[in-house]
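# Survey of secondary and tertiary structure
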Amino acid sequence: MSLAVRERAKERGKRPARPAGTARRTGGGTARLAPYLFILPALALFAAFRLYPIGWSFVLSLYHTEGMTQTWTGLGNYQRLIHDPLFWKALGNTGLILVVQVPVMLCLALGLSVALNSALLRWKPLFRLGFFLPVVTGLVTYGLMMGALLNQDSGAVNWLLSLVGLPEVHWLTDPFWAKVSVMLALTWHYTGYNAVIYLARLQGIPDEHYEAAAVDGAGAWRRFWHITLPGLRPALLLTVVLSTIGTLQLFDEPFIMTGGGPDNATTTIGVYLYQTGFRYFDFGYASAIGYALVLIISVFGLIQVKLAKEED
Amino acid sequence: MARTGPAFRAGKRGQVLLTGLLLVLLAFTVAPLYWLLIAATHNQHDIFGRPPHLLPGGELGANLAHLQTSVDFGQVVLNSVLMATSYTVLGGIVCTLAGYGFAKYRFRGRGFLFSVLLLALVVPTQLTIVPLFKLMVNLGWLNSYQAVLLPNLALPFGIFLMRQSMRALPDELLQAGRIDGCGELRLFFRVALPTMKPALAALAMFLFLFQWNDFLWPLVALRDPSSYTIPVALAALTGSSDVDYGQLLTGTAVAAVPMAVLFLFLQKHFVSGMLAGAVKQ
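Residues numbered from 1 in each chain as written. Chains lettered and ligands numbered in written order. Predicted model: local features only at pLDDT ≥ 70, side-chain atom pairs only at ≥ 80, totals over all residues. Heavy atoms only, no water.

## Points about the overall build of chain A
To be explicit about the condition: Helix and strand labels come from DSSP, where a helix needs a run of H or I of at least four residues and a strand needs a run of E of at least two; each type is numbered from the N terminus. Whether a residue is buried, partly exposed or exposed follows from its accessible area with a 1.4 Å probe, protein chains only, as a fraction of its type maximum: under 20%, in between, or over 50%, in that order. A 1.4 Å probe and the Shrake-Rupley method give the accessible areas. Residues count as covered only by the protein chains that appear here.
Counting its regular elements, chain A contains 14 helices and two strands. For chain A, with 312 residues in total, the buried portion stands at 51%. Counting every atom, chain A has about 15100 Å² of accessible surface; 66% of that belongs to carbon and sulfur.

Shown next, in the form of structure tokens:
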């Protein structure tokens, strides 16, 4: 192998010089095959277990599956999707989390990162450690933990509420509060992660900018608005994109905490897809739901990238 | 970073206020985890006692024993450890090789191949689950380690992370090696890898964490209780009609504590790793 590579290299050495930039990057043409060999394992696995299933699921989405039999239905599954109230409900639930939980979490993370970066704050290592701890906690772990804490009759949260004289809340059994519970769990889990992304950016903003602004008489709020926020823009965009994609694919939290209930109040598209595929074994319809999800994510992704470009 | 200027000394009150505020927030963040640890040492009845217990009880052993009767939890933990370890090693190799290839070579199709990998971030995992399941059925791989491991070995996040880190490696160093007649593979092992230790540590932590906590795919691929990983086993327990929270939360704590400890020791690498993958310079 390496002999062949070297032979090739010798051959190429005799050829006229390539443009300077590429020549330096490829090491003067030492090896042509080498890069492909380095990425080969990843590409092969990726093609077999990702690209192939993506294509296959499109084919599946064109079939009606019932038990072991498959019948061609063309776009039938997609038509069914449009008239499926449960799909729209799942879409609405997912959208609600997107417009409520994501902004709340990102604002919280923003405040947290500014505080963690502040010269006024003491015991910084302790805080960074503590706020990041939920990030390493697995989805099932914290889903079960939240489920127990929010337990209606005997959970600690309702006990705390009763201490201050508030009525007990049906956290996981009331459609409204079940949504709130899922959002609380999500916020608990991901705020620290986003805050760390902001923090890394904040530490790159030179102190001199703040000092100069302070000399010019800019108050704390103006400094935040004119220095901190613009400096954070790439990180803000990144977290918005990541959170949007993550939310649209949301599965684990509602699946563990509420199983999508009560009355489908927390059924997300991800949960609906799973139930269709693996509870009712309607693989064709499940694949159609999946492709609808891809379409939605792509649209959101395009909008966000476009907005980012227009701002520049 | 000692700031002793007059402007900073004046902020004593702000200091106390801010630190106090964050301590309250921190309490909300850490309290559930603390409660989980305590709950793991109490029985079902005491877990939901009012007021909640704040100190450990003596039921940890009993809870573990109950857990063992519901599901072969020893086997489940062993499965999780084996899968996460082998995933870390194999995934680490695949991602590091690919990251190096993308970072240090210019080759035909590089841009295209990289954007194909990017595609994986947009296409939801759920979409590929149904065909992957069928694929595993056809291969006869359900309940096997390879069924769980193979689909995610080429983890885009891992490849990005390594590509990002490898870029910091000066081309001149590789160039010098080539002039000395060093082959490409040796160059990778002898020159590139040794400089990558922090990135490798971050990658390893991330991969281990990913596999340890992964839920949806193992839930689908593992149908036989003896092949379950911890998250799948715990989720299966909640499915039964009368859940014993003593054993359930003990199992949950067993899943959480090793990761928390690992994180405490390696947090520096971990956070920098998360950022290397997330933030484009």
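## Considerations on the pairing of strand β2 (residues 69-72) of chain A
Residues and elements named next belong to chain A. Our working rule: Two strands are counted as paired when DSSP detects at least two bridges linking them.
Where strand β1 (residues 63-66) and β2 come together, four bridges link them in antiparallel fashion. Residue pairing for β2: Thr65 is matched across the bridge by Gln70. Connecting β1 to the antiparallel partner β2 that follows it, the hairpin turn spans two residues, and Gly67 within it adopts a positive phi of roughly 60°.

## Looking at the UniProt feature "transmembrane region" (unreviewed entry) in chain A
Residues and elements named next belong to chain A. Applicable threshold: UniProt positions are given in the numbering used here, feature names are shortened, and annotations may be inferred rather than shown by experiment.
What UniProt calls "transmembrane region" (unreviewed entry) maps, in this numbering, to residues 33-52, 95-117, 129-150, 176-200, 232-251 and 283-303. Structurally, residues 33-52 is divided into 95% helix and 0% strand, and its ends, taken at the C-alpha atoms, are 25 Å apart. For residues 95-117, the helix share is 100%, the strand share is 0%, and the end-to-end C-alpha distance is 32 Å.

## Section: the domain arrangement of chain B
Residues and elements named next belong to chain B. Applied cut-off: Delimitation of the domains relies on an automatic or database domain assignment. Residue contacts are defined here by distance: any two heavy atoms, one from each residue, within 4.5 Å place the two residues in contact. The term buried area refers to how much accessible surface (probe radius 1.4 Å) is lost by two components on association, counted for both of them together.
Examined at the domain level, chain B breaks down into domain 1 (6-39) and domain 2 (71-275). Computed from C-alpha atoms alone, the centre-to-centre distance between domain 1 and domain 2 is 34 Å. Across the boundary between the two partners, domain 1 contributes four residues, which contact five residues of domain 2. Taken together, both faces of the contact between domain 1 and domain 2 bury some 360 Å²; the carbon and sulfur share is 88%. Contact with domain 2 buries surface across domain 1, with Leu36, Leu37 and Ala39 losing the most and accounting together for 85% of the total.

## Quick look at the interface of chain A and chain B
Note the cut-off: Pairs of N or O atoms are called polar contacts if they sit within 3.5 Å, as long as, within protein, a hydrogen donor faces a hydrogen acceptor (for residues adjacent in sequence, only side-chain-to-side-chain pairs). Polar here means any residue other than Ala, Val, Leu, Ile, Met, Phe, Trp, Tyr, Cys and Pro, which are nonpolar, and Asp, Glu, Lys and Arg, which are charged; Gly is therefore polar.
Facing 93 residues of chain A, the contacting portion of chain B comprises 99 residues. Linking chain A with chain B are five residue pairs in polar contact (both at pLDDT 80 or more), by the criterion used here. When residues in the side of chain A that touches chain B are grouped by element, the largest group, 20 residues, is from helix α3 (residues 34-60) of chain A. A class-by-class count of the residues in the side of chain A that touches chain B yields 63 nonpolar, 21 polar and nine charged.

## What about the UniProt feature "domain: ABC transmembrane type-1" (unreviewed entry) in chain A?
In this numbering, the UniProt entry assigns the feature "domain: ABC transmembrane type-1" (unreviewed entry) to residues 91-304 of chain A. For residues 91-304 of chain A, helix accounts for 76% and strand for 0%, while the C-alpha atoms at its two ends are 19 Å apart.

## Regarding helix α7 (residues 125-139) of chain B
All names here are of chain B. Rules: The span expected for a helix works out to 1.5 Å for each residue beyond the first. Fitting axes to the seven residues ending at a residue and to the seven starting there, one defines the bend at that residue as the angle between these axes.
The end-to-end C-alpha distance of α7 is 20 Å, a good match for the 21 Å that 15 residues give at a rise of 1.5 Å each. Of all the bends found along α7, the most pronounced is centred on Pro131 and spans about 30°. Of all 15 residues making up α7, 11 are buried, and the element is well covered by its neighbours. The first or second residue beyond α7 is Gly140, which carries a positive phi of 70°.

## Description of the UniProt feature "transmembrane region" (unreviewed entry) in chain B
All names here are of chain B. UniProt marks residues 16-37, 76-100, 112-133, 145-166, 187-210 and 245-266 with the feature "transmembrane region" (unreviewed entry), using the numbering shown here. Between the C-alpha atoms that bound residues 16-37 the distance is 30 Å, and the span itself is 100% helix and 0% strand. Counted over residues 187-210, helix gives 83% and strand 0%. Its end C-alpha atoms are 30 Å apart.

## Considerations on the side chain of Thr96 of chain B
Residue and element names in this part refer to chain B. Assignment of secondary structure puts Thr96 in helix α5 (residues 73-104). Judged by its relative accessible area of 4%, Thr96 falls in the buried class. Here Gly92 takes part through its backbone oxygen, which lies 2.5 Å from a polar atom of the side chain of Thr96.

## Observations concerning the confidence of the model for chain A
Residue and element names in this part refer to chain A. How we decide: pLDDT expresses, on a scale from 0 to 100, how confident the predictor is about each individual residue.
Averaged over all residues, the pLDDT of chain A is 84; the fraction at 70 or higher stands at 89%. Averaged pLDDT values over the elements of chain A bottom out at 43 in helix α2 (residues 20-25) and peak at 94 in helix α5 (residues 85-117). Ignoring residues within four places in sequence, the model shows residues 1-29, a span with pLDDT below 50, making 28 contacts including any to other chains.

## Observations regarding the pattern of salt bridges
Rules: Criterion for a salt bridge: a side-chain nitrogen of Lys or Arg within 4 Å of a carboxyl oxygen of Asp or Glu.
Taken as a whole, this structure holds three salt bridges over all chains when the rule is applied. Among the ionic pairs, Arg80 of chain A bridges to Asp282 of chain A, the shortest N-O distance being 3.0 Å. Taken together, the residues span a long stretch of sequence, with Arg80 of chain A in helix α4 (residues 76-82) and Asp282 of chain A in the loop between α13 (269-278) and α14 (283-311) at a distance of 202 residues. Asp171 of chain B is paired through a salt bridge with Lys104 of chain B; the nearest N and O atoms lie 3.1 Å apart. Of this pair, Asp171 of chain B sits in helix α10 (residues 171-179) while Lys104 of chain B sits in helix α5, and the two are 67 residues apart along the sequence. By relative accessible area, which is 3% here, Lys104 of chain B ends up buried.

## Focus: helix α14 (residues 230-239) of chain B
Most of α14 of chain B is tucked away, with seven of its 10 residues classed as buried. Listing the buried residues of α14 of chain B in full gives Ile230, Pro231, Val232, Ala233, Leu234, Ala235 and Leu237 of chain B.

## Notes on the environment of Pro234 of chain A
You can see Pro234 of chain A is positioned in helix α11 (residues 220-248). Given a relative accessible area of 42%, Pro234 of chain A falls into the partly exposed group.

## Concerning the environment of Pro56 of chain B
Residue and element names in this part refer to chain B. Inspection of the secondary structure assignment puts Pro56 in the loop between α3 (44-47) and α4 (60-70). Pro56 sits in the exposed class, given a relative accessible area of 55%. If we skip the residues at most four places from it in the chain, Pro56 touches Ile38, Thr41 and His42.

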